[in-house]
Amino acid sequence: MTDWFVETVGSGSLILAVPIAVLAGLVSFFSPCVLPLLPGYLSYMTGVGVQDLDTARRGRMLTGSVLFVLGFSVIFVAGGTLFGSIGLRLAEHQRTVSIVMGIVVIALGFVFMGFIPFMQREVKIHAVPAVGLAVAPLLGALFAFGWIPCVGPTLGAVLGLANTEGTAARGAFLSFTYCLGLGIPFVLAALGFGRFMRAIAWVKQNQRAVNVAGGLMLVAVGILLVTGAYDSLADSLRSSFGTGTSAI
């Protein structure tokens with residue numbers, strides 16, 4: 001297990017992709033359809049009224065938020081595993097796959113910046129089960145499915161990178177790091193709701209700038225994939241860390 005972890009994380013391409021995936025998760029959290037609705041999310045996942053979030057027991061808030069994050073992580077990691085498996089089957093066409101995925105990621109960057117309006121619509125699952133800790137994982141899964149149109153641009157970029165990784169294990173790990181970027185802010189907000197909301201006031205006031213910055217990040221990643229610079233950087237990192245090609 002230890003050898004698998006070292007070989008997986010030590011892959012030059014993952015060393016490059018993991019920070020991108022974590023940042024993509026953070027960008028998803030700060031998107032217009034997640035951040036403004038944060039009090040509602042926390043209320044549903046913990047069974048605590050919005051007005052009581054700042055005074056609720058930390059144990060309950062921590063448990064509910066972690067279960068919620070685990071719920072959507074299962075869905076997203078499954079997607080990363082699938083895309084990694086597809087990449088393995090297309091390994092002999094890796095350059096073509098990188099170009100296609102790069103074009104897709106560039107398009108998703110423009111979507112995130114709001115330049116493709118018809119792709120900005122949100123399809124949400126409005127029916128949710130009764131609130132409470134027991135259903136927090138289910139709510140997380142519903143979040144994963146129902147908010148895909150919203151977090152789709154950043155998630156799509158991560159799944160595109162998962163596809164280029166060429167193995168199911170690496171695709172799963174990359175998606176897991178995306179979930180960390182998206183999920184950790186949920187947990188922090190649950191543990192200190194009042195302070196967290198005050199800390200992110202600037203983000204809410206500058207939402208457009210955040211969207212543009214996130215979109216530009218996706219466009220940059222797409223350009224790296226299309227031009228082949230991403231593969232070159234990954235090879236350089238692999239050489240620097242002394243890692244070979246793993247058979248994962």
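Note that the structure is a prediction, hence the values are computed from the model and not measured.

What follows is about the overall build of the protein. A count of helical and extended segments in the protein gives 12 helices and 0 strands. Counting from the amino terminus, the protein carries its helices and strands in the arrangement α-α-α-α-α-α-α-α-α-α-α-α. Residues counted as buried form 50% of the 248 residues belonging to the protein. Partitioning the intrachain contacts of the protein with sequence separation of at least 6 by distance along the chain shows that 81% fall at a separation of at least 24. Summing over all exposed atoms, the protein offers an accessible surface of approximately 11,400 Å²; the carbon and sulfur share of this is 70%.

The UniProt feature table records "transmembrane region" (unreviewed entry) at residues 12–35, 66–91, 97–116, 128–148, 168–197 and 209–230. What you have in residues 168–197 is 97% helix and 0% strand, and the ends, taken at the C-alpha atoms, are 37 Å apart.

Turning to the packing of helix H3 (residues 38–46) against helix H8 (residues 168–191), a few remarks are in order. One can describe the packing of H3 onto H8 by two numbers: an axis separation of 11 Å at closest approach and a directional angle of 80 degrees. The orientation of H3 with respect to H8, classified from their angle, is roughly perpendicular. Along the contact surface, H3 presents Leu38, Tyr41, Leu42 and Met45, while H8 presents Phe186, Ala189 and Ala190. Residues belonging to the contact of H3 with H8 are distributed by class as follows: 7 nonpolar, no polar and no charged.

The next point concerns the nonpolar core. Within the largest apolar cluster, 57 residues are counted, with the highest numbers of intra-cluster contacts made by Phe29, Leu38, Phe72, Leu174, Tyr178 and Phe186. In contact with Phe72, other than residues within four places in its own chain, are Gly140, Ala141, Phe143, Ala144, Cys179, Leu182, Gly183 and Phe186.

All right, on to helix H11 (residues 207–227) then. Taking 1.5 Å per residue as the helical rise, H11 with its 21 residues ought to reach 30 Å, and the 30 Å between its terminal C-alpha atoms agrees with that figure. Positive backbone phi, at 90 degrees, marks Gly228, one or two positions downstream of H11.

Glancing now at a nonpolar patch on the surface. On the surface, Leu62, Val66, Leu70 and Leu191 cluster together into a nonpolar patch covering about 290 Å² of accessible area. It is helix H4 (residues 58–89) that contributes the most residues to the nonpolar patch, 3 residues altogether. Along the polypeptide, Leu62 turns up in helix H4.

Summarising the element assignment, Thr164 is placed in helix H7 (residues 148–165). Given the relative accessible area of 11%, Thr164 is considered buried. On a C-alpha basis, the gap between Thr164 and Phe83 in space is 8.5 Å, while along the polypeptide they are 81 residues apart.

Quick look at the packing of aromatic side chains now. All chains considered together, the criterion is met by 15 aromatic pairs. Consider the rings of Phe29 and Phe186, whose centres lie 5.1 Å apart with planes at 85 degrees: the pair is edge-to-face. Placement of the pair is Phe29 in helix H2 (residues 12–29) and Phe186 in helix H8, with a sequence separation of 157 residues. On the accessibility criterion, Phe29 (0% relative accessible area) is buried.

Further remarks concern the environment of Gly160. Assignment of secondary structure puts Gly160 in helix H7. The buried category is assigned to Gly160, whose relative accessible area is 1%. The spatial distance from the C-alpha of Gly160 to the C-alpha of Met101 is 5.6 Å, given a sequence separation of 59 residues.

Time to look at the confidence of the model for the protein. Here the protein shows a mean pLDDT of 76. Residues at 70 or above account for 76%. Taken element by element, the protein is modelled with least confidence in helix H1 (residues 2–9), mean pLDDT 44, and with most confidence in H8, mean pLDDT 89. Contacts for the low-pLDDT stretch residues 1–12, under 50 throughout, to residues beyond four places or in other chains number 24 contacts.

About the criteria used
Think of each chain on its own: its residues are numbered from 1, step by step along the sequence as written. Local features in this predicted model are restricted to residues whose pLDDT is 70 or higher, and side-chain atom pairs enter the listing and the counts only when it is 80 or higher, whereas totals over whole chains, interfaces and linings include all residues. Side-chain measures were taken over the full set of non-hydrogen atoms in the model, leaving aside hydrogen atoms and water. For helices the rule is a DSSP run of H or I covering at least 4 residues; for strands it is a run of E covering at least 2, with both sets numbered from the N terminus onward. A 1.4 Å probe rolled over the protein chains alone gives each residue an accessible area, and that area as a share of the maximum for its type sets the label: buried under 20%, exposed over 50%, partly exposed in between. Residue contacts follow a heavy-atom distance rule, with two residues in contact if any of their heavy atoms lie within 4.5 Å. Here the Shrake-Rupley method, with its probe set to 1.4 Å, supplies the accessible areas, and only the displayed protein chains count as covering residues. UniProt positions are given in the numbering used here, feature names are shortened, and annotations may be inferred rather than shown by experiment. Fitted lines through C-alpha atoms serve as axes, helices being fitted only where they are in contact, and the angles separating the N-to-C directions of these axes extend from 0 to 180 degrees. Here the angle decides the label: under 35 degrees means roughly parallel, over 145 means roughly antiparallel, 65 to 115 means roughly perpendicular, and every other value means oblique. Note that Gly is not counted as nonpolar here; it falls among the polar residues with everything else outside the nonpolar set of Ala, Val, Leu, Ile, Met, Phe, Trp, Tyr, Cys and Pro and the charged set of Asp, Glu, Lys and Arg. The term nonpolar core refers to a set of buried residues drawn from Ala, Val, Leu, Ile, Met, Phe, Trp, Tyr and Cys, joined through side-chain atoms within 4.5 Å. In this scheme, a helix's expected span is set at 1.5 Å multiplied by one less than its residue total. Like charges within 9 Å and nonpolar side chains (Val, Leu, Ile, Met, Phe, Trp, Tyr) within 5 Å are joined into patches, using only residues over 30% in relative accessible area that form no salt bridge. Whenever a carboxyl oxygen of Asp or Glu lies within 4 Å of a side-chain nitrogen of Lys or Arg, that contact is scored as a salt bridge. Only centres within 6.5 Å qualify two rings of Phe, Tyr or Trp (six-membered ring in Trp) as a pair; their planes then separate them into stacked at under 30 degrees, edge-to-face at over 60, and tilted for everything else. A residue's pLDDT is simply how confident the predictor is in it, with values from 0 to 100.

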